[in-house]
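Structure at a glance
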Amino acid sequence: MPIIGLSQNMLTDRIATVGRAAYGRLNPRELSARAAVSVPMTPLLPLIVAGGAMLYHQGNEATKPNGGDKNAWWHMLVEAGLSSWVLKYTTGIYPLFGLGLAAYRSGQKHTAHEKIQAMVNTAVGMLMGWAGVHLFESFAEAGRANDDHIIHNALLGQGKNESRFKEWMDIHLEKLAQSDEKAKSLKDSLVELRKVLTEKKALYSKTGQYKGRPDLEVVEPLSEKLLNLKSQVTERVAEIGNHLFTGIDREHKSIVNAALGKIEESQSSFSRLNRAMNPIYGYIIVGLMLGAPVARWISSKIGDRRPELKSWHPPNNLFAQDHRIITNSTYGFASSHGPGHGASHYMSGAPTISWPGVIGDKQGH
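Residues numbered from 1 in each chain as written. Predicted model: local features only at pLDDT ≥ 70, side-chain atom pairs only at ≥ 80, totals over all residues. Heavy atoms only, no water.

**Some remarks on the overall build of the chain**
Within the chain one finds eleven helices and four strands. Counting across all 365 residues of the chain, residues that qualify as buried make up 39%. A fraction of 70% describes how many contacts in the chain between residues 6 or more apart in sequence connect residues 24 or more apart. Here the chain displays about 21,700 Å² of accessible surface, and carbon together with sulfur accounts for 60% of that area. (Helix = DSSP H or I, 4+ residues; strand = E, 2+ residues; numbered from the N terminus. Buried < 20%, exposed > 50% of the residue type's maximum accessible area, 1.4 Å probe, protein only. Contact = heavy atoms within 4.5 Å. Areas by Shrake-Rupley, 256 points an atom, 1.4 Å probe, with all protein chains shown as cover.)

Right, here's the structure in full:
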């Protein structure tokens, strides 16, 4: 959600397009043979960069004479997580959250220049963080779409390596399924997965695979079904094991492993968590890491133009030091005409109210 409450606008769409295009350029869109141990680097890039930035910041804090803030990395993560949550699930709250944070941080500073610097840092960080959240959310979205594209092509046999996987499905797995119930269940799940991916692709074809998406209520049921089918495939592959590759050469086995591995990776708990965290990584990378030099440059320009701000100390307290309201309730009643007569009055005067810190109050200083 953008800062000003419009859920769809040109700026947000442009940022999302950049994120999707970046993923498309960094990651191949075809099936390739894989090594025995292989770690996909592109989906991990936001985690690597954001994690490195937090470690660098924490190390920088450790060099300070008093040891610095030992939980600096945690404070960054909390701010990024809270900001991305507010952007995703609320409307109009993000700028109010920013104003409150800027006021709190400026209140911790002493000189006028330091207070302005704190407000500039918060404003720049949250503005650029907003862009980072949308950018990296679309990066993760493109990752999911890219995985589904590769899996769908493999199930259809569209491509050199993809056709070899389809051949394995139609010949080797089909033969195995005739005598093995688990192999039959795997084959049925792969066929159903192909069918659901075809339905999803038809929905996206109306807006473009990397240029938009259908309404959430339309896509969400299909996405849940895809996750369940991918989980079923992964479970069956683990149960059958190397029996799936009996009688096929090493290169063919590597290609089949690549396709089945892509299905497993796309629905694994780590992949889903990593992609769900992408907006938080985006806030850290764009808002906090890239926003810092921009904020410093703006603050330095203000300091150059108004050097007197560096020595001016505004009042630290906007309110009285102690603004409790104290009621003096020590009073009693007595009859004005002695016992048994009607009207009564205060023995020691009416109750008084004092406000410590206010001029004229003897309790205030």
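Let us keep going from here.
**Side note on a nonpolar patch on the surface**
A contiguous nonpolar surface patch, about 660 Å² in accessible area, is contributed by Leu 26, Val 39, Met 41, Leu 45, Ile 48, Val 49, Met 289 and Leu 290. Looking at the nonpolar patch, the elements with two or more residues in it are helix H2 (45-62) and helix H11 (278-305). It is H2 that provides the largest number of residues to the nonpolar patch, a total of three residues. By secondary structure assignment, the location of Leu 45 is in helix H2. (Patch = residues over 30% accessible without salt bridge, like charges linked within 9 Å, V, L, I, M, F, W, Y side chains within 5 Å. Salt bridge = Lys/Arg side-chain N within 4 Å of Asp/Glu carboxyl O.)

**Here's the deal with the nonpolar core**
Leu 155, Phe 165, Trp 168, Leu 190, Leu 193 and Leu 244 are the most contacted members of the largest nonpolar core, which totals 32 residues. Within the residue set of this core, elements represented by two or more residues are helix H5 (112-156), helix H6 (160-177), helix H7 (181-204), helix H8 (216-240) and helix H9 (250-267). Among the elements that make up this core, the one with the highest residue count is H7 (seven residues). Among all residues touching Leu 190, those that are not within four sequence positions of it are Leu 155, Trp 168, Met 169, Leu 173, Val 233 and Ile 263. The next biggest cluster of nonpolar side chains, apart from the first, holds 20 residues, and it includes Met 54, Tyr 94, Met 126 and Phe 136. (Core = buried A, V, L, I, M, F, W, Y, C linked by side-chain atoms within 4.5 Å.)

**What about the confidence of the model for the chain?**
Mean pLDDT over the chain: 79, with 75% of residues reaching 70 or higher. Model confidence for the chain, summarised as mean pLDDT per element, is weakest for strand E3 (residues 344-346) at 46 and strongest for helix H10 (residues 269-276) at 92. Counting interchain partners and residues more than four positions distant, the pLDDT-below-50 stretch residues 342-348 has 22 contacts. Long-range and interchain partners of residues 353-365, a stretch whose pLDDT sits below 50, account for 19 contacts in this model, where long-range means more than four residues apart. (pLDDT = per-residue confidence, 0-100.)

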